[in-house]
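Chain by chain, the residues:
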Amino acid sequence: ISNVKVILNGGQNVRVDVSARFPGKVQAALTENRRGLTELVLEPLREEYYYEIREPFSIMSLVKSPMGLMIGFMLVVVFLMPKLMENMDPEEMKRAQEEMRNQGIPSLSNFLQPAAAAATARSG
């Protein structure tokens, strides 16, 4: 016999005995005076939700996602960098280009030159 303590909505303590020998036999009694209950009525406190409620669609969720942040950064670079380059002095622009050449910043053409040379050597 297992004992379970159930507190009803009205605040009454009820002892519920569930029989292991006789399946389906359930007895309930008030805890204070051990008076047996002929009928045990339990009312739910709230409705149970078994599925998660889906969040509504939001444009901000797309903007805040990593892909949205990357796209936003790319758009800023594409549209603002030319504007910043226009406001630069021609002398300062030449100096910056000279520094880039001296530092040896790799460009796509530098990467493709060895591959093109290897391809011509193989074909020749």
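About the thresholds
Residues take numbers from 1 onward in each chain, read along the sequence in its written order. The predicted origin of the model limits local features to residues at a pLDDT of at least 70 and limits the giving and counting of side-chain atom pairs to 80 or more, whereas totals for whole chains, interfaces and linings rest on all residues. Excluding hydrogens and water, the side-chain values take into account all heavy atoms of the structure. Secondary structure elements are defined from DSSP: runs of H or I of at least 4 residues count as helices, runs of E of at least 2 residues count as strands, and each element is numbered from the N terminus. Only protein chains enter the accessibility calculation, which uses a 1.4 Å probe; a residue whose area is less than 20% of its type maximum is buried, one above 50% is exposed, and one in between is partly exposed. Residue contacts follow a heavy-atom distance rule, with two residues in contact if any of their heavy atoms lie within 4.5 Å. Per-residue and other accessible areas were derived by the Shrake-Rupley procedure at a 1.4 Å probe size, with only the shown protein chains allowed to occlude residues. Multiplying 1.5 Å by the helix residue count minus one yields the expected span of that helix. What the bend at a residue measures is the angle between two axes, fitted to the seven residues ending there and to the seven starting there. UniProt positions are given in the numbering used here, feature names are shortened, and annotations may be inferred rather than shown by experiment. Should a side-chain nitrogen of Lys or Arg be within 4 Å of a carboxyl oxygen of Asp or Glu, the pair is scored as a salt bridge. Patch construction takes residues with relative accessible area above 30% that form no salt bridge. Like charges are linked within 9 Å, and nonpolar side chains (Val, Leu, Ile, Met, Phe, Trp, Tyr) are linked within 5 Å.

Per an unreviewed UniProt entry, the protein chain carries the name ER membrane protein complex subunit 7 beta-sandwich domain-containing protein and comes from Linum tenue.

Draft legend 1. Main features of the overall build of the protein chain. Of regular secondary structure, the protein chain possesses 4 helices and 4 strands. Listing each helix as α and each strand as β along the protein chain from the N terminus yields β-β-β-β-α-α-α-α. Here the protein chain holds 124 residues, and the buried ones make up 6% of them. A fraction of 13% describes how many contacts in the protein chain between residues 6 or more apart in sequence connect residues 24 or more apart. For the protein chain, the accessible surface area stands at approximately 11900 Å², while carbon and sulfur atoms represent 60% of it.

Draft legend 2. Looking closely at helix α2 (residues 66–86). For α2, which comprises 21 residues, the first-to-last C-alpha distance of 30 Å matches the rise-based estimate of 30 Å (1.5 Å per residue) to within 8%. Of all the bends in α2, the largest measures some 30° and sits at Leu80, one to four residues before the proline Pro82.

Draft legend 3. Structural detail: the UniProt feature "transmembrane region" (unreviewed entry) in the protein chain. Those places that UniProt annotates as "transmembrane region" (unreviewed entry) correspond, in this numbering, to residues 67–85. Helix makes up 100% of residues 67–85 and strand 0%, with an end-to-end C-alpha separation of 27 Å.

Draft legend 4. Seen up close, the pattern of salt bridges. Scanning the entire structure with this criterion turns up 1 salt bridge. A salt bridge links Glu98 to Arg101, with the nearest nitrogen and oxygen atoms 3.3 Å apart. Of this pair, Glu98 and Arg101 both sit in helix α3 (residues 90–103), separated by 3 residues, roughly a single helical turn. We classify Glu98 as partly exposed; its relative accessible area is 43%.

Draft legend 5. Examining a nonpolar patch on the surface more closely. On the surface, Met67, Met70, Ile71, Leu75, Val78 and Phe79 cluster together into a nonpolar patch covering about 630 Å² of accessible area. Mapped onto the elements, Met70 comes out in helix α2. Taking the relative accessible area as the measure of exposure, Met70 reaches 48% and is therefore partly exposed.

Draft legend 6. Layout of α3. Between the first and last C-alpha of α3 there are 20 Å, a value that for 14 residues agrees with the 20 Å anticipated at 1.5 Å per step. Burial of α3 is sparse: only 0 of the 14 residues sit out of reach of the surface.

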